[in-house]
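Survey of secondary and tertiary structure
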Amino acid sequence: MSLGHATVAILAKELKTEFRSRELLGTTIVFVLIVLVLFSFTFDPTSSESRRFGPGLLWLAFLFAGSLMLQPSFLREQTNDTLAALRLAPIDPFSILAGKMAANFLFLLLVELILLPVFAVLYNIAIVPVLAPLVLVLALGTIGLATTGTVFSAVAAQARLRELLLPLLLLPVLAPVLIASTEATSGILRDPSDLSPVWLTFLAAFDIIFLTAAWLFGEYLLEE
Amino acid sequence: MGSDSQSRTPSGAVISLSSVVVVFLLLAAGSYGALIKAPTEATMGLIQRIFYFHVSSAWTGFIAFFLVFIGSIAYLRTRSLKWDWLSVASAEVGVAFFTVVLVTGPIWAKPVWGIWWTWDARLTSSFLLWVLFVSYLLLRTLVDEPERRAVVAAVFGIFATMDIPLVYFSIWWFRTQHPQPVMGKGGSLDPTMWWVLILCWCATLGVMTLLIRVRYRLEGLRAEVDALRLEASRNAR
């Protein structure tokens, strides 16, 4: 089975598991909503203020969501030791990681797309005219989040205190993504809107670097 | 069995007396240079002398973190636990040096900038690096089985070191207030100051090497104790 086929098969399995229960998506959406509401208490979300702070808060909320949502990615496999079964399959071990990354990417992107209009309404930001560049930044940032998050979820699943450990490992590594996507987003929301090519390139570079690292070193995490 | 456990012992003395003497002399010379020989900086005054050990500790810390990267990759390739010992030793020593950087920085900043801390590019990225490798060390404490711990820590160590340049660039573009590097282009650093800085760097590098060797041996001895304990419990049964 080629890497591509195996990845798609794993992705399909992940999607099927999640959409049977939808518990992960539902919980994460509510969590981000709570964070967005709580943020509104820390400063006055008037229009000019929210233009300055909004993008940062939004990305921070997504990062927190990711560090919680990616938790079960490998933990779920431990209950019935299904990871051992996956490893026995005659496929490239990286396809297990790649399939999970793709699934996590889709889950996170879905959560973000659902919450974007809510954010726009709550923080009084017009997003419709700038939707295309905004989705591009969301996608690039989320690739970085899903890539590192999936790998670290495999790391944390093998340690004690794993629920606490994943955010601890993930958030400092994701600091560059937070900066780049926040800067890119606030550029887009500025008047006149301007999409910074520097930050876009930076996000793409982050994604490529860590995808490559995951491809080179990720499979070691899957061995028994 | 006896000879078997002998062969696991990291061989030789930890550090030779002569290497300790050399590092001690380097430190003494560096301190003399930093505190007495180097000219007093015109605007900042005496407090600027902290710069020699501040900057050299940062450079040394970077080298220690780079050793974590090398040790991690080599462990995954060779599966020899010795590389893992190198990684953990370097990570701990690197964190120690960055602690020095993060403590001496504010001591210097308070009289010169008037504030202990500012969220400038270099300060923020050094702080973040420190946090990254503290997480690395925490992760190690949370995995018990040595081979598992080595693999998991190696992957995280590789990711963390690959993150260093990205952290640096992103924060750099984001904001900067740190005194622009006095070294390199512009070259306003007095030649004596240069020499003192290099001397201090050699001294901190020497300290780093000694500490890593001691810590490496300690990790090896720990592994041996664990193996012996396992053997003993097996024999008792």
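Structure first, text after, so check above.
Residues numbered from 1 in each chain as written. Chains lettered and ligands numbered in written order. Predicted model: local features only at pLDDT ≥ 70, side-chain atom pairs only at ≥ 80, totals over all residues. Heavy atoms only, no water.

Focus: helix H2 (residues 23–42) of chain A
An α-helical turn contains 3.6 residues, so any two residues separated by three or four positions project in the same direction. Residue and element names in this part refer to chain A. With 20 residues, H2 ought to run about 28 Å at 1.5 Å a step, and its terminal C-alpha atoms sit 29 Å apart, in line with that. Among the residues of H2, those classed as buried are Leu24, Leu25, Thr28, Ile29, Val32, Val35, Leu36 and Phe39. The arc enclosing the buried residues of H2, seen along the axis, measures out at 125 degrees, which places them on a common side. Exposed positions of H2 whose direction lies more than 90 degrees from the buried face are Glu23, Thr27 and Phe41. (Helix = DSSP H or I, 4+ residues; strand = E, 2+ residues; numbered from the N terminus. Expected span 1.5 Å × (residues − 1). Buried < 20%, exposed > 50% of the residue type's maximum accessible area, 1.4 Å probe, protein only. Arc of directions from axis to C-beta.)

A look at the interface of chain A and chain B
For interface size, the figure often reported is the accessible area lost on association. At the interface, 30 residues of chain A touch 30 residues of chain B. Of the roughly 2900 Å² buried between chain A and chain B, counting both surfaces, carbon and sulfur atoms make up 76%. Contact with chain B buries area across many residues of chain A, yet Arg160, Phe217 and Tyr220 of chain A alone supply 22% of it, more than any other trio. Between aspartate 144 of chain B and arginine 160 of chain A there is a salt bridge, with the nearest N and O atoms lying 2.8 Å from each other. Run the count over chain A and chain B and you get 8 residue pairs in polar contact (both at pLDDT 80 or more). Counting residues per element, the side of chain A that touches chain B draws most heavily on helix H10 (residues 197–217) of chain A, at 9 residues. Looking at the side of chain A that touches chain B residue by residue, the class counts come to 24 nonpolar, 2 polar and 4 charged. (Contact = heavy atoms within 4.5 Å. Buried area = accessible area lost by both parts, 1.4 Å probe. Salt bridge = Lys/Arg side-chain N within 4 Å of Asp/Glu carboxyl O. Polar contact = N/O pair within 3.5 Å; in protein donor to acceptor, adjacent residues only side chain to side chain. Nonpolar A, V, L, I, M, F, W, Y, C, P; charged D, E, K, R; others polar.)

Side note on a nonpolar patch on the surface
All names here are of chain A. A grouping of Val30, Ile34, Val37, Leu38, Phe41 and Leu122 is seen on the molecular surface, where their side chains present a nonpolar patch of about 570 Å² in accessible area. For the nonpolar patch, the element with the highest residue contribution is H2, accounting for 5 residues. By the secondary structure assignment, phenylalanine 41 is in helix H2. Given the relative accessible area of 62%, phenylalanine 41 is considered exposed. (Patch = residues over 30% accessible without salt bridge, like charges linked within 9 Å, V, L, I, M, F, W, Y side chains within 5 Å. Areas by Shrake-Rupley, 256 points an atom, 1.4 Å probe, with all protein chains shown as cover.)

Some words on the pattern of salt bridges
Residue and element names in this part refer to chain A. The tally for this structure, following the rule as stated, stands at 13 salt bridges over all chains. Of the charged contacts in the structure, one is a salt bridge between lysine 13 and glutamate 14, with a shortest N-O distance of 2.7 Å. Note that lysine 100 is salt-bridged to glutamate 14, the shortest N-O span being 2.7 Å. Here glutamate 14 lies in helix H1 (residues 3–21) and lysine 100 lies in helix H6 (residues 93–122), a separation of 86 residues in the sequence.

Considerations on the packing of aromatic side chains
For the coordinates displayed, the defined rule picks out 20 aromatic pairs over all chains. On the numbers, 5.5 Å between centres and 65 degrees between planes, the contact of phenylalanine 152 of chain A with phenylalanine 159 of chain B is edge-to-face. Here phenylalanine 152 of chain A is found in helix H7 (residues 131–156), whereas its partner phenylalanine 159 of chain B is found in helix H6 (residues 146–174) on a different chain. Residue phenylalanine 152 of chain A is classed as buried on the basis of its relative accessible area, which comes to 0%. The structure contains a cluster of three or more aromatic residues connected by ring pairs, namely Phe62, Phe65, Phe98, Phe133, Tyr136 and Tyr168 of chain B. Over the ring of phenylalanine 74 of chain A we find lysine 100 of chain A; its NZ or CZ atom is 5.0 Å from the centre of that ring. (Phe/Tyr/Trp six-rings, centres within 6.5 Å; stacked < 30°, edge-to-face > 60°. Lys NZ or Arg CZ within 6 Å of the ring centre and 35° of its normal.)

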